[in-house]
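# Overview (structure and organization)
One letter stands for each residue in the lines below.
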Amino acid sequence: MDRIKKFFSLLASDFLKLSKMKSVYIGIAVMLFLTLLLAVAESALTSLLDSVPVEEGGVSSDAVSDAFTLTVVHGMLNGAPSSTGVFFLIPIIAALFIGNEFSTGMARLYIGRGVHKTDLYISKFIVISALSVIYVCLSFAMCAVAAEVSGLEKSALDGLHAYTADAFGSYLFLAVTLSAIYTAVCFVVRSRAASMATLIAMLIVLGDVLVAVVQVALAMQPTGVDTTGKFVYMLLDPYYCIDALSYAHTFTAREAGIAFGSMAGWTALFFGGGLLLNEKRDVK
């Protein structure tokens, strides 16, 4: 019973400390700025496309601008966390939040007061997961407002909204998976700067570089069409899923199994592995 009380006291303290971090609110401001930037850019480019003269027999400028608007609004509505940089901001905040516990000696102080290392780890995981979920929810809310004022016809907008629930649920799942990764890395590295650098490097290498390398290796067409049937295994990469989940509604049973099965596996692996390594290491 005493351990449970200490855990909930620790958890409450962690939530309070997180709520006082300026970086949390800066992150929300950045998300809002990116949403506004997307909305303004979409409006400006749509107006530009509407003004382009059409040659006889060519595709009308209205059709081109409508197709462009539909693509942009789909990215905002159903890929909101990707469009607003949620999974770029969260690892930075996680590195600052968890790294600060070790750099200031708070982690050692907690352990000295009888807090179990397991409880310390689980508390941080819960807090980072909660923040990730909140950021995902805010990103969808911001982008939904931007989509409403995009000028897209109501019928087209309603069609995109039909897929939003699938994307939203998928991104919530991914938020927990990536939180497990962030927590494990930060507890292993135990340094704000090094944790931040490691997590950002993982985002770039596993999210961009690896995808490009695999596309070249599979000799995929410039349109992204996979003629080998092997690119589907990129869904094993949670960092690739940051963009791919915006099309979660189109996943086949096989694709959904690979994507969500791997996310569940990565969550268990990083949470369990990080917890085990934390138990075996001394807090310095």
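What counts and what doesn't
Residues numbered from 1 in each chain as written. Predicted model: local features only at pLDDT ≥ 70, side-chain atom pairs only at ≥ 80, totals over all residues. Heavy atoms only, no water. pLDDT = per-residue confidence, 0-100. Contact = heavy atoms within 4.5 Å. Helix = DSSP H or I, 4+ residues; strand = E, 2+ residues; numbered from the N terminus. Buried < 20%, exposed > 50% of the residue type's maximum accessible area, 1.4 Å probe, protein only. Polar contact = N/O pair within 3.5 Å; in protein donor to acceptor, adjacent residues only side chain to side chain. Phe/Tyr/Trp six-rings, centres within 6.5 Å; stacked < 30°, edge-to-face > 60°. Expected span 1.5 Å × (residues − 1). Arc of directions from axis to C-beta. Patch = residues over 30% accessible without salt bridge, like charges linked within 9 Å, V, L, I, M, F, W, Y side chains within 5 Å. Areas by Shrake-Rupley, 256 points an atom, 1.4 Å probe, with all protein chains shown as cover. Salt bridge = Lys/Arg side-chain N within 4 Å of Asp/Glu carboxyl O. Core = buried A, V, L, I, M, F, W, Y, C linked by side-chain atoms within 4.5 Å.

## Quick notes on the confidence of the model for the protein chain
Here the protein chain shows a mean pLDDT of 84. Residues at 70 or above account for 83%. For the stretch residues 56-61, pLDDT sits under 50, and the model shows seven contacts to residues farther than four places along the chain or on other chains.

## Points about the side chain of Thr164
Position of Thr164 among the secondary structure elements: in helix H8 (residues 154-189). Judged by relative accessible area, which is 15%, Thr164 ranks as buried. Looking at Thr164, its side chain comes within polar contact range of the side chain of Asn78, at 2.9 Å. Apart from the residues lying within four places of it in its own chain, the contact partners of Thr164 are Leu77, Asn78 and Phe140.

## Observations concerning the packing of aromatic side chains
For the structure on display, the rule yields eleven aromatic pairs. Judged by centre distance (4.9 Å) and plane angle (50°), the ring pair of Phe125 and Phe271 falls under tilted. Here the residue Phe125 occupies a position in helix H7 (residues 117-148), and Phe271 occupies one in helix H11 (residues 253-280), the gap between them amounting to 146 residues. Note on Phe125: relative accessible area 13%, which makes it buried. On the basis of an interplanar angle of 20° and a centroid distance of 5.9 Å, the ring pair of Phe173 and Phe260 is categorised as stacked. Pair noted here: Phe173 is in helix H8 and Phe260 is in helix H11, with a separation of 87 residues, a long-range link. On the accessibility criterion, Phe173 (32% relative accessible area) is partly exposed. Residue Phe260 is classed as partly exposed on the basis of its relative accessible area of 23%. A connected cluster of aromatic rings, assembled from ring pairs, spans Phe102, Tyr121, Phe125, Phe187 and Phe271.

## Remarks on helix H1 (residues 2-19)
Between its first and last C-alpha, H1 extends 26 Å over 18 residues, near the 26 Å set by a 1.5 Å rise per residue. Along H1, the residues that are buried comprise Phe7, Leu10, Leu11, Asp14 and Leu18. For H1, the arc enclosing every buried residue in end-on projection is 100°, short of the 170-degree limit, so these residues lie on one face. In H1, the exposed positions angled more than 90 degrees off the buried face are occupied by Asp2, Lys5 and Phe8.

## Remarks on a nonpolar patch on the surface
Among the surface-exposed residues, Ile204, Val205, Leu206, Val209, Leu210 and Val213 lie close enough to one another that they form a single nonpolar patch of about 440 Å² accessible area. Summarising the element assignment, Leu206 is placed in helix H9 (residues 192-217).

## A few points about the nonpolar core
Within the largest apolar cluster, 71 residues are counted, with the highest numbers of intra-cluster contacts made by Phe87, Tyr135, Leu174, Tyr182 and Leu235. At 13 residues, H8 tops the list of elements feeding residues into this core.

## Overview of the pattern of salt bridges
Summed over the entire model, instances satisfying the criterion amount to five salt bridges. For Lys17, the salt bridge is made with Asp14, and the minimal N-O distance between the two is 3.6 Å. Within this pair, Lys17 and its partner Asp14 are both found in helix H1, separated by three residues, close to a single helical turn. Since its relative accessible area comes to 0%, Asp14 is described here as buried. A salt bridge links Glu101 to Lys124; its shortest N-O distance comes to 3.4 Å. Taken as a pair, Glu101 in helix H5 (residues 86-103) and Lys124 in helix H7 lie far apart in primary sequence, 23 residues in all. Each member of the salt-bridge network shares a partner with another, and the members are Asp14, Lys17, Glu101 and Lys124.

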